[in-house]
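What follows is the residue order along each chain.
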Amino acid sequence: MSLPAPCPPLLLLLLLLLGALRHGSAQLVFSPVDFVERDACNTTVVLPCHVVNLKEHNDSNMFVAWKKQGIVLFSFDGAQQRVYRHETVPSANLLSQQDLSKGTASLKLKSSEAEDGNYSCEVTELNREGETKVDLRTVTVDNCGEEKAPTPDNKCGRQFDFMESVVISVLLFLIVVFYWAQIGVIALKCETVHKNKTYVAVGCAIFTVLAVIAVVLFIQGGNITINKVGLGFVVLPAVILMVLQYYIFKIVLVDVTRKGYILIGLQSFGFVVALVGFALCISACPSELLSVVIAGLAVMAFEDLLALLYMYTSCSRMKDHQTPRKAVEEPLNELKTETESTAEMNDG
Ligand SMILES: *[C@@H]1O[C@H](CO)[C@@H](O)[C@H](O)[C@H]1NC(C)=O
Ligand SMILES: *[C@@H]1O[C@H](CO)[C@@H](O)[C@H](O)[C@H]1NC(C)=O
Ligand SMILES: *[C@@H]1O[C@H](CO)[C@@H](O)[C@H](O)[C@H]1NC(C)=O
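Predicted model, so just to flag it, every value in this text is computed and none were measured. Every chain's residues receive numbers from 1 upward, in the order its sequence appears when written. Following the order in which they are written, the chains are lettered starting with A and the ligands numbered starting with 1. With the structure being a predicted model, the display of local features is reserved for residues of pLDDT at least 70 and the display and counting of side-chain atom pairs for 80 or more, all residues being used for whole-chain, interface and lining totals. Heavy atoms from the whole structure form the basis of all side-chain values; hydrogens and water molecules are not counted.

**Some thoughts on the overall build of the protein**
Only DSSP runs of H or I with at least four residues qualify as helices, and only runs of E with at least two residues qualify as strands; both kinds are numbered from the N terminus onward. Broken down by element type, the protein carries 9 helices and 9 strands. Scored against the burial criterion, the 348 residues of the protein give a buried share of 40%. Note on contacts: a residue pair is in contact if any heavy atoms of the two residues lie within 4.5 Å. The contacts in the protein between residues at least 6 apart in sequence include a share of 64% that link residues at least 24 apart. Under the convention used here, a 1.4 Å probe and the Shrake-Rupley method define accessible areas, while residue burial counts only the protein chains that appear. Carbon and sulfur atoms make up 63% of the accessible area of the protein, which totals about 19300 Å². Relative accessibility decides the category of a residue: with a 1.4 Å probe and only protein chains considered, values under 20% of the type maximum give buried, values over 50% give exposed, and everything between is partly exposed.

Below is the structure:
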């Protein structure tokens, strides 16, 4: 406390007496923080508590107690260097014990152990003491108003957005449908080919099961870890799709055509994009990166639609002409191949 220079000693004494009367004993003063916010991306939370007028700067003379609704959750006894933790907060600790002597009595704990509400931080230094309160709040997508500007560190944008989750689920559904449709087309329209069809159907069934698991894990809100695992189930099994596509082309076209390779290339590109998006999503939290995954899946779904149309036209042509596509391209061999395919048909 700084007083004007020409201050009479008597007035100074009076002020000090008044101060002592008001506070009982000298008070510790805190830098004020009304509330802190966390979202699903905070795995740990820090409850701030900073004393600005320590005198001794020696944690041996200090005692810190963190309370919630009157219950002591954590305390640090500097004289004995002893820590107490309530059983509900086993991860609680001072943010930094070294910095306690500088006035930092902030508490760090796992987000899952910290309920929302008012926490009080009580600090004692010899015979001086003080208390401050901080309100821990959870920000969810739901209580993010439209009025908040979408700034880069907008807390509202940091969770997996519900709409994006829905879009991902829909794309996954389309991919699954397009694959089964390809298999259906082969089964119904390409009678000339029947080998390996079962393997393709089994592969497709496995992918379908994984996709259902993915959507179930992914769509439920709240737990960011489960959401990330779900996203893994969305992206990683997609590698099966490239193999499936290759075999589908191989079954129908016998030799995979240039068109076929271009389509598989397009799908691989989509997969790589989705994979990069996934890697970014698990290393950071922002949901903007989900759009990278969405872009990758969209490319894959688009490719699957093209592949379906391609298989449809290839098989239709085969059925109409009773001639494999290859024979059309090589008219000289037409007769021979036709005989072959008829023989193959008779086999089945
Ligand atoms: C949650 O994380 C953000 C960003 O890392 C951080 O600024 C914020 O202080 C954290 N919230 C709490 C309560 O610790
Ligand atoms: C802190 O206080 C304790 C006891 O009051 C004393 O033994 C110790 O030397 C002090 N440490 C420092 C760094 O002043
Ligand atoms: C915490 O305290 C403030 C004011 O003291 C109050 O407005 C707020 O509602 C309290 N928060 C909870 C979760 O009780």
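Let us keep going from here.
**Topic: the nonpolar core**
In a soluble, globular protein the nonpolar side chains are often hidden away together inside. Counting 49 residues, the largest nonpolar core has I168, F249 and V252 as its most contacted members. At 12 residues, the largest contribution of residues to this core is made by helix α7 (residues 290–321). Counting residues in hydrophobic clusters, the runner-up holds 27 residues, among them V64, L73, F76 and L136. Buried Ala, Val, Leu, Ile, Met, Phe, Trp, Tyr and Cys residues that are joined via side-chain atoms within 4.5 Å together make up what is termed a nonpolar core.

**What about the site of ligand 3?**
Nearness is judged by heavy atoms alone; a residue qualifies as near a molecule or strand once a single heavy atom is within 4 Å of it. In the vicinity of ligand 3, the residues found are G117, N118 and D135. Within the side chain of N118, an N or O atom sits 2.3 Å from an oxygen atom of ligand 3. A distance of 3.3 Å separates a nitrogen atom of ligand 3 from a polar atom in the side chain of D135. Here ligand 3 loses 29% of its free accessible area of 360 Å² to cover by the protein chains. Whenever a nitrogen or oxygen atom comes within 3.5 Å of another N or O atom, the pair is scored as a polar contact, on the condition that within protein one atom can donate a hydrogen and the other can accept it, and that pairs from neighbouring residues in sequence are kept only if both atoms are in side chains.

**Regarding the sheet that holds strand β9 (residues 128–138)**
A pair of strands counts as paired when DSSP detects no fewer than two bridges linking them. One open sheet accounts for 6 strands, arranged β1-β9-β8-β3-β4-β5; its pairing is mixed. Two strands bound the open sheet, and with one partner strand each, they are β1 (35–38) and β5 (82–85). Put simply, the sheet's adjacent strands are angled 20° from each other on average, direction ignored. Examined bridge by bridge, strand β3 (residues 62–68) and strand β8 (residues 117–125) share 7 bridges and lie antiparallel to one another. The convention used is that axes are lines fitted to C-alpha atoms, helices contributing only their stretch in contact, and that angles between N-to-C directions extend from 0 to 180 degrees.

**Looking at the site of ligand 1**
Around ligand 1, the surrounding shell consists of V36, E37, N42, V45, V46 and L136. Contact between ligand 1 and N42: an oxygen atom at 2.3 Å from a side-chain N or O atom of the residue. Surface burial for ligand 1 is 54%, taken as the share of its 360 Å² of free accessible area covered by protein chains.

**A word on the state of the cysteines**
Here, a disulfide means two cysteine sulfur atoms that sit within 2.5 Å of each other. Enumeration according to the criterion identifies 1 disulfide in this entry. Sulfur-sulfur distance for the disulfide between C49 and C121 comes to 1.9 Å. One disulfide, between C49 and C121, carries an S-S torsion of -70° and so falls in the left-handed class. Residue C49 is found in the loop between β2 (44–47) and β3, and its partner C121 is found in strand β8; the two are separated by 72 residues along the sequence.

**Notes on a nonpolar patch on the surface**
Patch criteria: residues need more than 30% relative accessible area and no salt bridge. Like-charged residues are merged within 9 Å; nonpolar side chains of Val, Leu, Ile, Met, Phe, Trp and Tyr are merged within 5 Å. By definition, a salt bridge exists where a carboxyl oxygen of Asp or Glu is found within 4 Å of a side-chain nitrogen of Lys or Arg. Judged by side-chain polarity, F162, M163, V167 and I219 come together as a nonpolar surface patch covering roughly 360 Å² of accessible area. If one sorts the elements of the nonpolar patch by residue count, helix α2 (residues 162–189) sits on top with 3 residues. Here I219 lies in helix α3 (residues 197–219). What makes I219 partly exposed here is its relative accessible area of 32%.

**What about the environment of I183?**
Within the secondary structure, I183 sits in helix α2. Along the sequence, I183 and C204 sit 21 residues apart, while their C-alpha atoms lie 8.9 Å from each other. Aside from chain neighbours lying at most four places away, what touches I183 is V200, A201 and C204.

**Quick word on the pairing of β5**
The pairing of strand β4 (residues 71–77) with β5 spans 4 bridges and is classified as antiparallel. Counterpart to S75 in the pairing with β5 is Y84. The antiparallel pairing of β4 with β5 creates a hairpin that spans 4 residues between the two strands, and Q81 there sits at a positive phi of about 50°.

**A few points about the packing of aromatic side chains**
Under the pairing criterion, centres of Phe, Tyr and Trp rings, with the six-membered ring standing for Trp, must be within 6.5 Å; the plane angle then separates stacked pairs below 30 degrees from edge-to-face pairs above 60, leaving the rest tilted. Scanning the entire structure with this criterion turns up 2 aromatic pairs. Here the aromatic rings of Y246 and Y247 are separated by 5.6 Å at their centres, their planes lie at 85°, and the arrangement is edge-to-face. On the basis of relative accessible area, Y246 is assigned to the partly exposed category, the value being 28%. The rule is short: NZ of Lys or CZ of Arg within 6 Å of the ring centre and within 35 degrees of the ring normal puts a charge over the ring. Over the face of the ring belonging to Y119 we find K68, whose NZ or CZ atom lies 5.5 Å from the ring centre. Note that R137 overlies the ring of F35, its terminal NZ or CZ placed 4.0 Å from the centroid.

By themselves, these are just geometric observations and shouldn't be taken as functional.
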